[in-house]
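What the coordinates show
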Amino acid sequence: MLVWSLDEPHRLGECFPVEEAVCLGRGGPLSDDPAPRGGFFRSRPGQAAPCPPVGNARVSRLHLVLAPEGDALRVRSLGRAPLKINGTLTKDGLAREGDVVEIHNAAVFYVSLRPRVLPAAPGVGDAFGFGEPDAFGLVGESEAAWALRQAYAFAASTDRHVLVLGESGVGKELAARSIHGMSDRHERPFIARNAATMPDTLIDAELFGNAKNYPNAGMPERAGLVGEADGSTLFLDEIGDLPEKSQVHLLRVLDSDGEYQRLGEARSRRSAFRLVAATNRAAQSLKHDFLARFVHRIEIPGLPQRREDIPLVVARILSTIAAKNPRIGERFFERRAGALAEARITPELVSRLIRHPFTHHVRELERVLWLAIGCAQADYIGVTPEVEGELRDSAESATEVAEIGKEALERALADNDRSPTKAAKALGLKNRYVLIRLLKKHGLSAGTDSDKDDR
Amino acid sequence: MSSRAALLRDTLEIALCDDRFPALFYDKLFAARPSLRPMFTRNSPGAQQKMFAQKLAAIVDSVDQPELLRAEARAIAKSHASYGIRPEMYGWVGEALIAALREAVGPGEWTAEAEAAWTEAYTAVAEAVLAEPPA
């Protein structure tokens, strides 16, 4: 999947399937191509729309020959701009799922295993631009993103309560808003509240409301969240923080046609509300009979489960930042026909973000991007030492790095005048910052470098 | 592919390996003709340079295919009309392009044959653009 392109940033998310040996290069086929030309596709559920050939000027007419080899992809470079696999220069190498293949400063591809045509997703609208956010703000063209849209659409088409599960920062409120927006309730106001912020003694009043003058004279009548959400959707975030007693109080309203009583009122009321609850805890942490009321459970994948969407999410975050901060837009964005266009972001940063093991997902990604903007020394967003300090590689390459022991580190430093840059190079590490992290881990220190610009 | 097309393609790919090549072209153009600078303010310099490199590559890729080349010429004529570019400016652009290519490709690869091929190709494309009816 194309995840960065110097000349064609509008093509992010396009796929280049490799089912047999194929050539990749600028423009159409050449008479001396060693294999058929591969093509780019915009893959969505039930369709794969062919795209024009590469128009990127820095990609040679015949640049790469790619072929499946076991569970990997053999990548051979015949072009002028150098080939890198996971940041390492090579002319001929193997790339596996999760790896990043770069034509230096021209294009970056993420290697993933996925069907050429995604499974049909009945009931899911696709009337939004490729790579753009959908009507509810979800960004992504990965299989996981489309599976999520389908899960939202199915939940929205029913009237049952929904439990949204996922780690902090994956977009649980976005899920609730999507379900509300896709449902017949979308014209009524979406009611949202964080359950963790409700004081224990006031939870019932918050949820069910109270009669006038209850519990004290002068108290106004309140509908409560359940009443306010009549005919609409009530989103309760951090539902796992709701005490068990309060979970029990919700049981009746969740399964008896929305029957409930306001505090201080004898008569029963009904609310045709739908509860979408979210938690970052395991579903089993909820009381079992409370959990049973949620017919639909939707698990939101984190960014590491949909890495190919990261560049699209990055582009979206940056354009939102630029729209709200004109000076940032002016400094870091290209302008086409007078309007802000793509951000100037280095291929290295995109590659590193794709391989970073996010734990706080979109929130963490946004924080790293703000850090990169704040620390930028020029008019582009790249990997500064501060950003480097926040980024780690995913487990596969981290394993290789971890295998470098204390002795090897000391030897590399001794052989290279204690220069971290030279020692890092000798050890085959990406840069000196990776080495510095390793040195810290082993309680070692290096000398200082005279060349500080090898980012 | 003709040997001339292969020479144009090879020299352009060498030039484009130098990240500075598109900027070099504009630097030379504006240094020689400062009056042109205000005509290129609709796009940021980076975007303008990417568009220039892409268009140049597209022209070189179609140099052996008259129909494609004609389509490129038509698109350039339309775009240049909106920029307010006049016929005499094509000569200035050609000089800056050859000078930038010469510097980016370097003396080892930039031969008299390459310069002749580029001059001939540029003249042909400029004539084709000028032959297009005004938009």
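These figures come from a predicted structure and were not determined experimentally.

The rules behind the values
Residues numbered from 1 in each chain as written. Chains lettered and ligands numbered in written order. Predicted model: local features only at pLDDT ≥ 70, side-chain atom pairs only at ≥ 80, totals over all residues. Heavy atoms only, no water. Salt bridge = Lys/Arg side-chain N within 4 Å of Asp/Glu carboxyl O. Helix = DSSP H or I, 4+ residues; strand = E, 2+ residues; numbered from the N terminus. Buried < 20%, exposed > 50% of the residue type's maximum accessible area, 1.4 Å probe, protein only. Contact = heavy atoms within 4.5 Å. pLDDT = per-residue confidence, 0-100. Buried area = accessible area lost by both parts, 1.4 Å probe. Polar contact = N/O pair within 3.5 Å; in protein donor to acceptor, adjacent residues only side chain to side chain. Pairing = 2+ DSSP bridges. Axes fitted to C-alpha atoms, helices over the stretch in contact; angles between N-to-C directions.

For the coordinates displayed, the defined rule picks out 43 salt bridges over all chains. In this structure, B:Lys55 and B:Glu72 form a salt bridge, with 3.0 Å as the shortest nitrogen-oxygen distance. Within this pair, whereas B:Lys55 is found in helix H3 (residues 45–61), its partner B:Glu72 is found in helix H4 (residues 66–83), the two being separated by 17 residues in sequence. Relative accessible area serves as the criterion here: at 33%, B:Lys55 is assigned to the partly exposed category. B:Glu72 gets classed as buried once you look at its relative accessible area, which sits at 18%. Across the pair B:Glu115 and B:Arg102 runs a salt bridge whose closest N-O atoms are separated by 2.9 Å. Separated by 13 residues along the polypeptide, B:Glu115 in helix H6 (residues 112–131) and B:Arg102 in helix H5 (residues 89–105) bring together distant segments of the chain. The network of salt bridges with common partners includes A:Arg26, A:Arg61, A:Arg80, B:Glu13 and B:Asp61.

So, about the environment of A:Asp126. All names here are of chain A. Inspection of the secondary structure assignment puts Asp-126 in the loop between strand S11 (107–110) and helix H1 (143–157). Separated by 21 residues in the primary sequence, Asp-126 and Ala-147 have C-alpha atoms spaced 13 Å apart. When neighbours within four sequence positions are excluded, Asp-126 is seen to be in contact with Arg-44, Gln-47 and Trp-146.

The next thing to look at is the confidence of the model for chain A. When pLDDT is averaged along chain A, the result is 92, and 95% of the positions lie at 70 or above. Note that pLDDT drops below 50 for residues 450–455 of chain A; the model gives that stretch eleven contacts with residues more than four away or on any other chain.

The interface of chain B with chain A comprises 21 residues on the first partner and 21 residues on the second. Buried surface at the junction of chain B and chain A, summed over both partners, amounts to about 1,800 Å²; 44% is from carbon and sulfur atoms. In this structure, the connection of chain B to chain A is made through six salt bridges. In this structure, A:Glu342 and B:Lys50 form a salt bridge, with 2.8 Å as the shortest nitrogen-oxygen distance. Here chain B and chain A share 17 residue pairs in polar contact (both at pLDDT 80 or more) between them. For the side of chain B that touches chain A, the secondary structure elements donating two or more residues are helix H1 (3–17) and H3 of chain B. At eight residues, H3(B) tops the list of elements feeding residues into the side of chain B that touches chain A.

Attention now goes to the sheet that holds strand S17 (residues 274–279) of chain A. Residue and element names in this part refer to chain A. Pairing is parallel across the open sheet formed by five strands, whose spatial order is S13-S14-S17-S12-S18. Every other strand in the sheet has two partners, leaving strand S13 (191–194) and strand S18 (296–299) as the edge strands with one partner each. The average undirected angle you get between the axes of adjacent strands in this sheet is 15°.

Quick look at the sheet that holds strand S1 (residues 2–5) of chain A now. Residues and elements named next belong to chain A. Overall, antiparallel pairing links the five strands, which are arranged S1-S11-S10-S7-S8 in an open sheet. One side of each edge strand has no neighbouring strand; the edge strands of this open sheet are S1 and strand S8 (88–90). Along the sheet, successive strands turn relative to each other by an average axial angle of 25°, direction set aside. In terms of strand pairing, strand S10 (residues 100–103) meets S11 through four bridges, oriented antiparallel. Counted as the bridge partner of Glu-102 is Val-108 from S11.

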